[in-house]
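Per-entry structural report
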There are 2 protein chains.
Amino acid sequence: MKEGPDISQIGALIGDPARANMLTALMGGQALTASELAGAAGVTLQTASTHLSRLEAGGLIAQRKQGRHRYFALADDEVGLLLENIMGFAANRGLMRSRPGPKDPALRKARVCYNHLAGDFGVRMLDRLVADGDVALDGGEASLTPSGEARIAAIGIDLAALKTQRRPVCRTCLDWSERRSHLAGSLGEALLARFIADGWAKREKDSRAIRFTAEGERRFLALFPE
Amino acid sequence: MKEGPDISQIGALIGDPARANMLTALMGGQALTASELAGAAGVTLQTASTHLSRLEAGGLIAQRKQGRHRYFALADDEVGLLLENIMGFAANRGLMRSRPGPKDPALRKARVCYNHLAGDFGVRMLDRLVADGDVALDGGEASLTPSGEARIAAIGIDLAALKTQRRPVCRTCLDWSERRSHLAGSLGEALLARFIADGWAKREKDSRAIRFTAEGERRFLALFPE
DNA sequence: CGAATGCTTCGGCTACCATCGAAGTATGAA
DNA sequence: TTCATACTTCGATGGTAGCCGAAGCATTCG
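All values derive from a computational prediction rather than experimental measurement.

What counts, and where the lines are drawn
- Residues numbered from 1 in each chain as written.
- Chains lettered and ligands numbered in written order.
- Predicted model: local features only at pLDDT ≥ 70, side-chain atom pairs only at ≥ 80, totals over all residues.
- Heavy atoms only, no water.
- Contact = heavy atoms within 4.5 Å.
- Buried area = accessible area lost by both parts, 1.4 Å probe.
- Salt bridge = Lys/Arg side-chain N within 4 Å of Asp/Glu carboxyl O.
- Polar contact = N/O pair within 3.5 Å; in protein donor to acceptor, adjacent residues only side chain to side chain.
- Helix = DSSP H or I, 4+ residues; strand = E, 2+ residues; numbered from the N terminus.
- Nonpolar A, V, L, I, M, F, W, Y, C, P; charged D, E, K, R; others polar.
- Domains from an automatic or database assignment.
- Near = heavy atom within 4 Å.

Once that is clear, we can look at the interface of chain A and chain B. Tallying the contact residues gives 57 residues for chain A and 56 residues for chain B. Between chain A and chain B, a total of about 5000 Å² is buried, with carbon and sulfur atoms accounting for 58% of that surface. In this assembly, chain A and chain B are joined by two salt bridges. Across the salt bridge formed by D76 of chain B and R93 of chain A, the nearest N and O atoms sit 3.0 Å from each other. Between chain A and chain B we count eight residue pairs in polar contact (both at pLDDT 80 or more) in total. Of all the secondary structure elements, the ones that give two or more residues to the side of chain A that touches chain B are α1 (8-15), α2 (17-26), α3 (34-41), α5 (77-92), α6 (103-109), α7 (120-131) and β6 (135-138) of chain A. The leading source of residues in the side of chain A that touches chain B is α5 of chain A, at 11 residues. Partitioning the side of chain A that touches chain B into residue classes produces 26 nonpolar, 16 polar and 15 charged.

The following block contains the structure:
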């Protein structure tokens, strides 16, 4: 009855703790196998398989067969943005899966948000780009200015390649720890990949945390000063 | 286990169709009684009462007793933003509560989003304000420039009063029909109230649609030309 | 080919929760 | 005070979905 979108199906998918844990694990950005996701959710393989079917039917995740493994990942950027958004809301209300532990500060400093950089570092990067007139924000959409294109090219990113994709190059994503936006989209993904490829930072295992090396942090802060 | 916010509780609250319908009804921005919400959800009064308790315990809605009535409303702006966000996601996936009917075009043109203007008109207003340099967007946050403050004052809104509140004056909210942002926050609320008080527009009963009078639409478009 | 690994499907169990009828509480009107 | 309205709480029911053991496919490896 009534008009408007139906939010209950999405809610039901996210509403189960096992599925929510799986989705949170996939926010790490890496494709995971059914076994790994079962472990992350704390359920057996059979149960996980059922959940994964439902998540896939609901369009939240996508699978890729590779040999005898089946890798699952979030279906697209939109799902990542949605989840980060709900996480922000939950974090504001103090709904945490555990008491803030030693890993929490690391998460707030720098973490991966599906496929791009989030946390203090992610927010700082976008702030700098906007302040320097390299990224223009317009009603929730973002775009690179000519000076921004030059800056990105100087970092060693092939913008032309990004533009050929159907995905938006620039997007903003609300950061749950900072309550401000950071850069998403294919450019956000490419930047994080660049930092990791250059050895500036590493993903921590079994966590969304990103650890910058001393040298990497120095360079990052030089590139995007406060 | 694990670190990070717990999204499953939010999802579970939204995941039930009856509760989702109630929340959607409350997106109309008006406080509703338990009976009205029961009707909107299509359940009996007792069932509705249980759902309302859970929504309140989860912090999504707040109640205000008034005589023998109990009025329920969304707890705060954040809830409205979250719901509109999820609606946008659901709409993109084609998850609608009914086949798009005659009301649908009206909803896309102008509707209330909890307490502010959304739809084509809402997006156009924010676009105009940003293009004219009256609203500055910065990493997901918005603020009025000096010229913007003058413009708003000219419309007849008491900015000083808005600033004394703890709520942010300017916010952006992702629009599900336009996939772009419109203006939320106390300013967004005040603007919509102004349009209605001036007789430019009316709320449609039992719908989120906003209907502009011919004269009101003329004036609105003059104030915020394409 | 067989054995092993990775995952899905089936069957049955259980627990939870949405639902409603009926009774209870609170506020307002007569 | 008595009745009516608005809502909540209690109790019982039924359906659904999460869960796991076991069996069934599929792929790879030796």
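What follows covers the domain arrangement of chain A. Residues and elements named next belong to chain A. When the domains of chain A are assigned, the result is domain 1 (8-75) and domain 2 (78-223). Using only C-alpha atoms to locate each centre, domain 1 and domain 2 end up separated by 23 Å. Taken together, the contact between domain 1 and domain 2 spans 14 residues of the former and 13 residues of the latter. It is T24, M27 and L74 that lose the most area in domain 1 upon contact with domain 2, and together they represent 47% of the buried surface on that side. Linking domain 1 to domain 2 there are zero salt bridges. Across the contact surface, domain 1 and domain 2 share four residue pairs in polar contact (both at pLDDT 80 or more). Sort the elements by how many residues they give to the side of domain 1 that touches domain 2 and α2 lands first, with four residues.

Residues in close proximity to DNA strand C total 22 residues, the closest being S35 and S49 of chain A together with Q46, H51 and R54 of chain B. Near the protein, meaning within 4 Å, the atoms of DNA strand C are sugar or phosphate in a fraction of 72%, with bases accounting for the rest. S49 of chain A has a polar side-chain atom sitting 2.6 Å from a phosphate oxygen of DNA strand C. In this structure, R54 of chain B approaches DNA strand C through a side-chain N or O atom, which is 2.8 Å from a phosphate oxygen. Going through the elements one at a time, α3, α4 (45-57) and β3 (69-74) of chain A together with α2 (17-26) and α4 (45-57) of chain B are the ones with two or more residues in the surface near DNA strand C. In terms of residues, the surface near DNA strand C owes the most to one element, α4 of chain B, which gives four residues.

In the neighbourhood of DNA strand D, 21 residues make up the surrounding shell, with R19, Q46 and H51 of chain A together with S35 and S49 of chain B lying closest. Sugar plus phosphate: this is where 75% of the atoms of DNA strand D within 4 Å of the protein reside. In the model, a phosphate oxygen of DNA strand D is placed 3.1 Å from a nitrogen or oxygen of the T47 of chain A side chain. Separating a phosphate oxygen of DNA strand D from a side-chain N or O atom of S35 of chain B is a distance of 2.3 Å. Secondary-structure elements contributing two or more residues to the surface near DNA strand D are α2 and α4 of chain A together with α3 (34-41), α4 and β3 (69-74) of chain B. Of the residues forming the surface near DNA strand D, the biggest block, four residues, is contributed by α4 of chain A. Partitioning the surface near DNA strand D into residue classes produces five nonpolar, 10 polar and six charged.

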